Amino acid sequence: MSKPSPQKPRVLLGVTGSIAAYKAVELTQKLKPFAEVRPVLTHAGSRLVPEKALAKASGFPVWTSLFEGATPIPPGTPGGSHPLAVVPHIEYAKSADLVLVAPASADFLAKLALGLADDLLSTLCLYATCPLWVAPAMNVKMWNHPAVVQNREILGKRGLRFLGPYSGHLACGEVGDGRFAEPSEIAFQAQSYLNHRGQWRGRKVLVTAGPTQEPIDPVRMITNRSSGKMGYALAQAALNRGAEVTLVTGPTRLIPPPVARLVQVETADEMHREVLRRLSASDVVVMAAAVSDYRITQASPIKIKKRKGGVTLRLEKNPDILADVLRRKKTLQTVVGFAAETDRLEENALAKWKRKPCDLLVANRVGKGGRGFDSDLNELLVFSLKHKRPIRFKKDLKSRLAEKILDLV
Ligand code: CTP
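Quick caveat: nothing in here was measured; it's all calculated off a predicted structure.

Novice: Give a description of the overall build of the protein chain that names residues and reports values.
Specialist: Of regular secondary structure, the protein chain possesses 13 helices and 21 strands. Referenced to the eigenvectors of the C-alpha coordinate spread, the extents of the protein chain come out at roughly 90 × 60 × 40 Å. Burial status across the protein chain gives 50% buried among its 409 residues. Put simply, 65% of the contacts in the protein chain that link residues at least 6 apart link residues at least 24 apart. With the model as given, the accessible surface of the protein chain reaches about 21000 Å², and the carbon-plus-sulfur share is 53%. For the protein chain, the centre of its 60 positive side-chain charges and the centre of its 37 negative side-chain charges are spaced 3 Å apart.

Here it is as C-alpha cells:
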C-alpha cells in the first residue's frame, strides 16, 4: 500500500485591488509546488484578475463572499437559531499556516490597520491565528502618503511582515518605491518560512544593523551610507525560523521586524555596551552593523560656528565590537562578521578574517559600483571555517541572501 503523501502547508492567498493583482496567478503557480493555495479575491481585486484564472492556477474555487457555501443549520437543531452553521473559508482560516495578502493595496492596508471586517478577506485576516504577510503594490505617492506611512507603522508594530515593495518602474509610469515584490521572491520567502519554521525555536540570536552616528556637535555627525537592510533581513530570517531575536540597531529609515527586543542606539560606544550586555545569553551573533571606526575626541556641546579658515576635527578610535565579541566568545556560540570593502574584496576580507576569526565572515563590496550599502540587492563572498574556499553568492535580494547565510549558520 502506498503511503499517504504528507499534507502540504496551507496558504490563504488574499488578492486585493492593486494593479499588480494580475501577478497573483503567477504567484499561485509558484506557491503551488510546496503549498495548498486557497485564493480569496476582494471585490476590487476581481476587477483586475479573472476569478477563473486564479481558480485554474490554484486548483480550488476562489472565495469572494463571506456567506458563500455556508451550510444552513437544519430546522429544529437545538440552539440552532443562527442561520448559518459552517462557513468553509472561516473553517479553513483556522487551519491555515500562512495568510499572504499579495498584492496588498493601500486601501487594504488601511482596513488591516483599523481592524475592519467588512468583506471576506479582511474578516479572515482578523480571524486567522497564523502569521499574516503583506506584499504591498501601489503608486510611490500613495506609498509615501502620511496616512499610508502611519498604517505601515501600525501594522509593523503589530508584527505583520512586509514583503517589499521595491523601488523601480511602476505600472503608472512613475519611478519610486511601490513595486510589487517578484512572485518568485514572495514564493521563496514563503517556502523558506514554511520549511524552516520552528527550526530555531529556543535559539537566541543577536543581530547588529545599520550605521552608527558619532556626534561632532548637537547638529552634526560622522556616519556612513549603511541603510540597515542586510541586518534587518537577517533578523527577519532568524524570526522566520522561530528564533528569539534581539536587534541592536543604529538609526535607519526601515520598519523593524517584530523582534523580541529592539535596542536603538546611535554611537558605536552605545552599540558596544548593548551588544556585550547581551552576549552571554546569545547562541548566534550576527554583526551586520557598519560601525564607525572613529569618533570625535570631544564633541562640542554647542553648535560649532563658522570661522575664517579651516577646522580640524580630532578623532579617536571607537571600540571594535566584533573583536571584543570574539575575545569573549564561548565554544558553542556562533559569530558571523561582515566585511565592507571598496576594493580587493577577497584579499582585504581574508586579511580581516585573520584579524577577526569569526565562524563566518560575509564580505561585500561597498561604495561606487558596490551593492553593499543602501540597496535591496547585494552579492557576497562568504568565508567559513567549514569550507576550504570562500562561497560566492551571486547578485540577489538581501532577503534571499539572509536565508542563505542562516543556512550556513
Ligand atoms: N565592526 C565592529 N566594530 C567596529 C568596526 C567594525 O564590530 N568598530 C565589525 C562590523 O560590524 C563588521 C566587521 O567588524 O562585522 C568588519 O567591519 P568593517 O567596517 O568591514 O571593517 P573594520 O574592522 O572596521 O576594518 P576597516 O575599516 O579597516 O576595513
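Still more ground to cover, so stick around.
Novice: Let's hear about the environment of Pro257: which residues, and what values?
Specialist: Tracing the sequence through the fold places Pro257 in the loop between strand E13 (244-249) and strand E14 (261-264). Residue class for Pro257 comes out buried when judged on its relative accessible area of 11%. Along the backbone, Pro257 and Lys111 are 146 residues apart, and their C-alpha atoms lie at a distance of 21 Å. When near neighbours in sequence (up to four residues on either side) are disregarded, Pro257 contacts Tyr232, Ala235, Gln236, Leu239 and Leu247.

Novice: Now, about the pairing of strand E21 (residues 391-397): what can you tell me, with residues and values included?
Specialist: Strand direction decides the pairing type here: strand E20 (residues 377-384) and E21, joined by 5 bridges, are antiparallel. Across the sheet, the residue bridging to Leu377 is Leu397, located in E21. Linking E20 to E21, which pair antiparallel, is a turn of 6 residues.

Novice: Tell me about the packing of helix H4 (residues 106-114) against helix H5 (residues 120-127), and please be specific about residues and values.
Specialist: Running from N to C, H4 and H5 cross one another at 40°; their axes reach a closest spacing of 10 Å. If you check the angle between H4 and H5, you find them oblique. The chirality of how H4 crosses H5 is right-handed. From H4, Phe108, Lys111 and Leu112 reach across to H5, where they touch Leu121, Ser122 and Cys125.

Novice: Can you break down the site of the ligand residue by residue, with the values?
Specialist: Of all residues adjacent to the ligand, which total 14 residues, the nearest are Ala289, Leu322, Phe338, Lys352 and Lys356. Phe338 places a main-chain nitrogen or oxygen 2.9 Å from an oxygen atom of the ligand. Lys356 has a polar side-chain atom sitting 2.6 Å from an oxygen atom of the ligand. In the complex, 81% of the free accessible area of the ligand, which totals 570 Å², lies under the protein chains. Of all elements in the fold, only helix H11 (321-328) and strand E18 (334-341) reach the threshold of two or more residues within the shell around the ligand. For the shell around the ligand, the residue count by class is 9 nonpolar, 1 polar and 4 charged.

Novice: If you had to explain the sheet that holds strand E6 (residues 132-136) to someone new, which residues and values would you point to?
Specialist: Judged by pairing direction, the sheet is parallel, and its 5 strands sit side by side in the order E2-E1-E5-E6-E7 without closing on themselves. Edge positions in the sheet fall to strand E2 (36-41) and strand E7 (161-162), since each of these pairs with one other strand and no more. Pairing geometry for strand E5 (residues 98-104) and E6, over 4 bridges, is parallel. Paired with Ala104 across the two strands is Pro136, which belongs to E6.

Novice: Which residues make up the domain arrangement of the protein chain, and what values go with them?
Specialist: What the domain assignment reports for the protein chain is domain 1 (10-68 + 85-195) and domain 2 (199-302 + 313-408). Of note, the centres of domain 1 and domain 2, computed from C-alpha atoms alone, are 32 Å apart. The partner domain 2 presents 10 residues to the 15 residues of domain 1 that form the contact. Where domain 1 abuts domain 2, roughly 1100 Å² becomes buried across the two surfaces, and 56% of that area is made up of carbon and sulfur atoms. The three residues of domain 1 that bury the most area against domain 2 are Arg161, Tyr166 and Phe188, which together make up 37% of that side's buried surface. Connecting domain 1 to domain 2 are 1 salt bridge. Between Arg400 and Glu185 there is a salt bridge, with the nearest N and O atoms lying 3.4 Å from each other. Applying the counting rule to domain 1 against domain 2 returns 7 residue pairs in polar contact (both at pLDDT 80 or more).

Novice: Give me a nonpolar patch on the surface: which residues, what numbers.
Specialist: Judged by side-chain polarity, Tyr294, Val311, Leu313 and Leu315 come together as a nonpolar surface patch covering roughly 360 Å² of accessible area. Positionally, Leu315 belongs in strand E17 (residues 315-317). According to the relative accessible area criterion, Leu315 is partly exposed, its value standing at 41%.

Novice: I'd like a description of the packing of aromatic side chains, backed by residues and values.
Specialist: Under the criterion given, the structure shown has 4 aromatic pairs. The ring of Trp200 carries the charged tip of Arg241 above its face, separated from the ring centre by 5.6 Å.

Rules used throughout
Residues numbered from 1 in each chain as written. Predicted model: local features only at pLDDT ≥ 70, side-chain atom pairs only at ≥ 80, totals over all residues. Heavy atoms only, no water. Helix = DSSP H or I, 4+ residues; strand = E, 2+ residues; numbered from the N terminus. Buried < 20%, exposed > 50% of the residue type's maximum accessible area, 1.4 Å probe, protein only. Contact = heavy atoms within 4.5 Å. Areas by Shrake-Rupley, 256 points an atom, 1.4 Å probe, with all protein chains shown as cover. Lys, Arg positive; Asp, Glu negative; His and termini not counted. Charge placed at Lys NZ, Arg CZ, Asp CG, Glu CD. Pairing = 2+ DSSP bridges. Axes fitted to C-alpha atoms, helices over the stretch in contact; angles between N-to-C directions. Parallel < 35°, antiparallel > 145°, perpendicular 65-115°, else oblique. Left-handed = near helix turned anticlockwise from the far one by under 90°. Near = heavy atom within 4 Å. Polar contact = N/O pair within 3.5 Å; in protein donor to acceptor, adjacent residues only side chain to side chain. Nonpolar A, V, L, I, M, F, W, Y, C, P; charged D, E, K, R; others polar. Domains from an automatic or database assignment. Buried area = accessible area lost by both parts, 1.4 Å probe. Salt bridge = Lys/Arg side-chain N within 4 Å of Asp/Glu carboxyl O. Patch = residues over 30% accessible without salt bridge, like charges linked within 9 Å, V, L, I, M, F, W, Y side chains within 5 Å. Phe/Tyr/Trp six-rings, centres within 6.5 Å; stacked < 30°, edge-to-face > 60°. Lys NZ or Arg CZ within 6 Å of the ring centre and 35° of its normal.

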